[in-house]
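Here is how the chains run, residue by residue.
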Amino acid sequence: MPEVKKEKKQIIPEKNPMPAQDPAERARNFSEVALGYSEEAAVAEANRCLMCKNAPCRQGCPVEVDIPAFIKLAAERDFAGSARKLKEKNALPAVCGRVCPQENQCEKYCTLGKKHQPVGIGRIERFIADWELAQGVQKQDIAPATGKKVAVVGSGPAGLTCAADLAKLGHSVTIFEALHVAGGVLMYGIPEFRLPKAVVQAEVENLKKLGVEIQVNAVVGKFATVDELIEEGGYDAVFIGTGAGLPYFMQIPGENACGVYSANEFLTRTNLMKAYSFPATDTPIRVGRKVAVLGGGNVAMDSARTALRLGAEESWIVYRRSKVELPARHEEVEHAGEEGVQFAFLTYPTRIIYDDNYWVTGMECIRCELGEPDASGRRSPVPIKGSEYIMDVDTVVVAIGQGPNPLVPRTTKGLELSRKGNIVASLETGATSKPGVYAGGDVVTGAATVILAMGAGRTAAKSIHAYLSGK
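Residues numbered from 1 in each chain as written. Predicted model: local features only at pLDDT ≥ 70, side-chain atom pairs only at ≥ 80, totals over all residues. Heavy atoms only, no water.

### Describing the nonpolar core
Membership of the largest hydrophobic core comes to 71 residues, with the highest contact counts inside it found for Ile67, Ile71, Leu186 and Ile464. With eight residues, the top contributor of residues to this core is helix α16 (residues 450-468). The contacts of Ile67, once residues within four sequence positions are left out, are Cys57, Arg58, Cys61, Cys106 and Ile121. Counting 24 residues, the second largest nonpolar core, distinct from the first, contains Ala275, Met301, Ile317 and Val397. (Core = buried A, V, L, I, M, F, W, Y, C linked by side-chain atoms within 4.5 Å. Buried < 20%, exposed > 50% of the residue type's maximum accessible area, 1.4 Å probe, protein only. Helix = DSSP H or I, 4+ residues; strand = E, 2+ residues; numbered from the N terminus. Contact = heavy atoms within 4.5 Å.)

Written out as structure tokens, the structure reads:
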């Protein structure tokens, strides 16, 4: 009998495009920019996957999702099965599908991406997660109760992931959140137009279905210390995932003037407190005609795009290096440019100018050029003598990074801290210098990505489970 030749798969070189709001319209509203795949687009994108046996994409996923398996099920239109496979490893797929920098993680290793555009892994993940949310979330398997109690401090991506994994293993988990709503940076840091808050809260509700208790307005370090949670609260282990909520500033003259915000305050007022709806909401925010955002990361892009939506006539990114060195995601830079954000590259602010009432009226800057690469290969900006000029702005948002929230580290005896105030914890286990206390996410590494924080939460959950099991 003649051998039947397997039909060679037709390669589609480009990703299926992501539908999006028109830039002119979205620049003035807070509705989500990316609209998500239709069922047909999701299936078509899933069918681009080569189903490699060695699955190199998996090495780029901090939470170890079985990427080919969930994509194969999506290609077969088994969306329920695909969602189950995704959630074996990922507690927040609807979030990750929207905000993960897939281009630097799973998609970076995609075999198809060597010659063509990689498979849109994040786009398929978002479709599957949204499909499940619309249908009603499937009940997940939970191990028999162990009788062990774990306290999770902070409800950002690290805390939520750690809590979900521990709950599925049968432990009793309580999350303590300092703010009035759970979600951490997903709620206060990432704008509505990138990550709708209803999506975050739907994911949080799914955690509650696993049996996780969430206490809000609970500031650990004030109402109780970590030691008191263990000694008086009866918790057998504690995970600290309090993030990086302490803003950094430029330390230049005039930085205390009215009209200067940290990106943390600017975005929290807008995202969490919905200042864009004032006076229907309780929190106001003042944005002038011309806004300068200092920095070049994702937080800077979020701030600059938010400023336009709040009514600014001009919104500028002021960055001391060139466009090539911008640390923000390419997609975010592209979206910002489409919406009208302007860029002042190789520009360094030296002082903020203000009037007699201490309101910002301008910002002095100096132009720069890039020097020779240092040992790491990075080129530092060098000021050009005599190139000073005044930038006409009346609002300044400082988005140059943030450090660890100091409250929990400072009130926990025996907890080793780094020079910058980060908790010292093993990246392999999440274990700190204090027995039974684990930590992960931005409070350990400094400000990083949502998915890396989730990976740290997962790592710590495994170690906590082993610790509680006496292994």
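### Examining the sheet that holds strand β3 (residues 213-215)
The strand order β3-β2-β1-β4-β16 describes an open sheet built from five strands, whose pairing is parallel. Edge positions in the sheet fall to β3 and β16 (437-439), since each has one partner strand and no second. On average, each strand axis in the sheet is inclined to that of its neighbour by 20 degrees, with strand direction left out of account. Examined bridge by bridge, strand β1 (residues 149-153) and strand β2 (residues 172-176) share five bridges and lie parallel to one another. Along β2, the bridge assignment pairs Val152 with Ile175. α16 contacts β1, β4 (237-240) and β16 of the sheet and is inclined by roughly 170 degrees relative to β4. (Pairing = 2+ DSSP bridges. Axes fitted to C-alpha atoms, helices over the stretch in contact; angles between N-to-C directions.)

### Considerations on the environment of Val360
If you trace the backbone, Val360 turns up in strand β11 (residues 360-373). With a relative accessible area of 5%, Val360 lands in the buried category. Between the C-alpha atom of Val360 and that of Ser82, which follows or precedes it by 278 residues, the distance is 52 Å. Discounting residues that sit within four places of it in the chain, Val360 has contacts with Ala257, Cys258, Gly259, Val260, Ile352, Ile353, Tyr354, Val393, Asp394, Thr395 and Val396.

### Comments concerning the environment of Glu213
Tracing the backbone shows Glu213 in strand β3. Distance from Glu213 to Ser172, taken between C-alpha atoms, is 8.4 Å for residues 41 residues apart in sequence. Other than its neighbours up to four places away in sequence, Glu213 contacts Val173, Thr174 and Ile175.

### Re the side chain of Thr432
Structurally, Thr432 is set in the loop between α14 (407-410) and β16. The buried category is assigned to Thr432, whose relative accessible area is 12%. Polar side-chain contacts of Thr432 include one of 3.1 Å to the backbone nitrogen of Lys434. Reaching out from Thr432, the side chain makes a polar contact with the backbone oxygen of Val437 at a distance of 2.7 Å. When neighbours within four sequence positions are excluded, Thr432 is seen to be in contact with Leu415, Ile423, Val424, Ala425, Val437, Tyr438 and Ala439. (Polar contact = N/O pair within 3.5 Å; in protein donor to acceptor, adjacent residues only side chain to side chain.)

### Topic: the packing of aromatic side chains
Enumeration according to the criterion identifies ten aromatic pairs in this entry. Ring centres of Phe343 and Phe345 lie 5.4 Å apart, and the angle between their planes is 15 degrees; on these two criteria the pair is classed as stacked. Taking the relative accessible area as the measure of exposure, Phe345 reaches 26% and is therefore partly exposed. Pairwise contacts between aromatic rings join Phe30, Phe193 and Tyr276 into one cluster. (Phe/Tyr/Trp six-rings, centres within 6.5 Å; stacked < 30°, edge-to-face > 60°.)

### Here we look at the pattern of salt bridges
Across all of its chains, the model carries 30 salt bridges by this definition. Note that Glu265 and Arg269 form a salt bridge whose closest N and O atoms lie 2.9 Å from each other. A residue pair is termed a helical-turn pair when its members lie 3 or 4 positions apart in one helix, as Glu265 and Arg269 do in helix α11 (residues 263-271) at four residues. Residues participating in the shared-partner salt-bridge network are Arg26, Arg194, Asp302, Arg305, Arg309, Glu332, Glu338 and Glu339. (Salt bridge = Lys/Arg side-chain N within 4 Å of Asp/Glu carboxyl O.)

### Observations regarding the sheet that holds strand β6 (residues 260-262)
Taking strand neighbours across the sheet as the criterion, the five strands line up as β6-β14-β7-β8-β9 in an open arrangement whose pairing is parallel. Lying at the two open borders of the sheet, with one neighbouring strand each, are β6 and β9 (342-344). Between one strand and the next, the sheet's axes are offset by a mean angle of 25 degrees, whatever the strand orientation. Taken together, the four bridges between strand β7 (residues 290-294) and strand β14 (residues 395-398) define a ladder with parallel strand orientation. The residue of β14 that forms the bridge with Val293 is Val397.

### Considerations on the packing of helix α3 (residues 67-75) against helix α4 (residues 79-87)
Two elements in contact, α3 and α4, have axes separated by 7 Å at closest approach and are oriented at 170 degrees. Judged on the interaxial angle alone, α4 and α3 are roughly antiparallel. Two secondary-structure elements touch here, α3 through Ala69, Phe70, Leu73 and Ala74 and α4 through Phe79, Gly81, Ser82, Lys85 and Leu86. For the contact of α3 with α4, the class distribution of residues is six nonpolar, two polar and one charged. (Parallel < 35°, antiparallel > 145°, perpendicular 65-115°, else oblique. Nonpolar A, V, L, I, M, F, W, Y, C, P; charged D, E, K, R; others polar.)

### A short note on the packing of α3 against helix α6 (residues 121-135)
Interaxial distance between α3 and α6 falls to 11 Å at its minimum, and their mutual angle equals 60 degrees. When the axis of α3 is compared with that of α6, the two are oblique. The two elements α3 and α6 meet at a crossing, and its hand is left-handed. Packed against α3, whose contacting residues are Ile67, Phe70, Ile71 and Ala74, the element α6 presents Ile121, Ile124, Glu125 and Ile128 at the interface. Residues that form the contact of α3 with α6 fall into these classes: seven nonpolar, no polar and one charged. (Left-handed = near helix turned anticlockwise from the far one by under 90°.)

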